[in-house]
Amino acid sequence: MRKNDEKRFFGILRDLEQDPRVRKLECYRQHKGNTTFRHCRSVAVASFRMAQRLGWRVDERALARGAMLHDYHLYTRQNKLLHSLRHLVEHPKRACRNASRAFALSGKERNIIESHMWPLTPLRVPRSKEALLVMLADKYCAFREMRGHRD
Ligand SMILES: [Fe+2]
Ligand SMILES: [Fe+2]
């Protein structure tokens, strides 16, 4: 079985990082003041490292794009209880809608974005290894960032 192509994954990620449509994420904050841009980058790297550790062969392009755009909701969550609760459940759908307008996404990439808050969104289930990895890496990175860790 072919191994994951690290050069290809980080090449795609680097192109995304330089894309002005993705750089918009620098304007929004989450997890103790970290920018959404940095959070998404951390999730992309963590999900790829996780795939390597598990020995899972992944689609590098779908993983990089899905992870980097998973929080493309383009607002900063307010510190109000009702807004926070709605955000938890609704932002993956909004992120997917916004990202689909800006990029031509595959079905797999859309599912990575839409399902990243599963199981909080029971009907939007991760349907690929890549979606499962981003769903797990997002929780791992959010937890670390809330404890003040920055990559
Ligand atoms: Fe999210
Ligand atoms: Fe996230």
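Please refer to the structure placed before this passage.
Predicted model, so just to flag it, every value in this text is computed and none were measured.

Asker: I'd like a description of the nonpolar core, backed by residues and values.
Answerer: Where a protein is soluble and globular, its nonpolar side chains tend to be buried together. Counting 35 residues, the largest nonpolar core has Phe9, Val22 and Leu69 as its most contacted members. Of all the elements in the fold, those that place two or more residues in this core are helix H1 (6-18), helix H3 (36-54), helix H4 (60-68), helix H5 (81-102), helix H6 (107-114) and helix H7 (129-146). Looking at this core element by element, the count peaks at 8 residues for H3.

Asker: Pulling in residues and values, what's your account of the packing of H5 against H6?
Answerer: At a closest axis distance of 8 Å, the pairing of H5 and H6 adopts a crossing angle of 145 degrees. Relative to H6, the crossing made by H5 is right-handed. Together, Pro92, Lys93, Ala95, Cys96, Ala99 and Ser100 of H5 and Arg110, Ile113 and Glu114 of H6 make up the contact between the two elements. Considered class by class, the residues forming the contact of H5 with H6 number 5 nonpolar, 1 polar and 3 charged.

Asker: Let's hear about the packing of aromatic side chains: which residues, and what values?
Answerer: Scanning the entire structure with this criterion turns up 4 aromatic pairs. Judged by centre distance (5.8 Å) and plane angle (85 degrees), the ring pair of Phe10 and Phe48 falls under edge-to-face. With a gap of 38 residues between them, Phe10 in helix H1 and Phe48 in helix H3 connect regions that are remote in the sequence. No difference in accessibility class separates Phe10 from Phe48, as the two residues are buried. An aromatic cluster is built from Phe9, Phe10 and Phe48, whose rings are joined through pairwise contacts.

Asker: Can you explain the coordination of the iron ion (ligand 1)? Please cite residues and give values.
Answerer: Taken together, Asp71 (OD), His91 (NE2) and His116 (NE2) make up the full set of protein donors to the iron ion (ligand 1), lying 2.1 to 2.2 Å away. Coordination of the iron ion (ligand 1) draws on donor residues from a single chain, spaced D-x19-H-x24-H in sequence. Separating the iron ion (ligand 1) from the iron ion (ligand 2) is a gap of 3.3 Å, bridged by Asp71, which donates to each. Here Asp71, found in the loop between H4 and H5, pairs with His116, found in the loop between H6 and H7; they are 45 residues apart in sequence, far enough to count as distant. Both residues of the pair, Asp71 and His116, belong to the buried class.

Asker: Kindly report on the coordination of the iron ion (ligand 2), identifying the contributing residues and their values.
Answerer: Angles at a metal have ideal values that depend on geometry: 109.5 degrees with four tetrahedral donors, 90 or 180 degrees with six octahedral donors. Note on the iron ion (ligand 2): its protein donors are His39 (NE2), His70 (NE2), Asp71 (OD) and Asp138 (OD). The metal-donor distances range over 2.1 to 2.2 Å. Every donor counted, the 4 donor atoms about the iron ion (ligand 2) form angles of 85 to 177 degrees at the centre, which fits irregular coordination. Sequence spacing among the residues donating to the iron ion (ligand 2) works out to H-x30-H-D-x66-D.

The rules we used
Residues numbered from 1 in each chain as written. Chains lettered and ligands numbered in written order. Predicted model: local features only at pLDDT ≥ 70, side-chain atom pairs only at ≥ 80, totals over all residues. Heavy atoms only, no water. Core = buried A, V, L, I, M, F, W, Y, C linked by side-chain atoms within 4.5 Å. Buried < 20%, exposed > 50% of the residue type's maximum accessible area, 1.4 Å probe, protein only. Helix = DSSP H or I, 4+ residues; strand = E, 2+ residues; numbered from the N terminus. Axes fitted to C-alpha atoms, helices over the stretch in contact; angles between N-to-C directions. Left-handed = near helix turned anticlockwise from the far one by under 90°. Contact = heavy atoms within 4.5 Å. Nonpolar A, V, L, I, M, F, W, Y, C, P; charged D, E, K, R; others polar. Phe/Tyr/Trp six-rings, centres within 6.5 Å; stacked < 30°, edge-to-face > 60°. Donors = N, O, S within 2.8 Å, 3.2 Å for Na, K, Ca; no water. Tetrahedral: all angles 85-135°; square planar, octahedral: opposite > 155°, others 65-115°.

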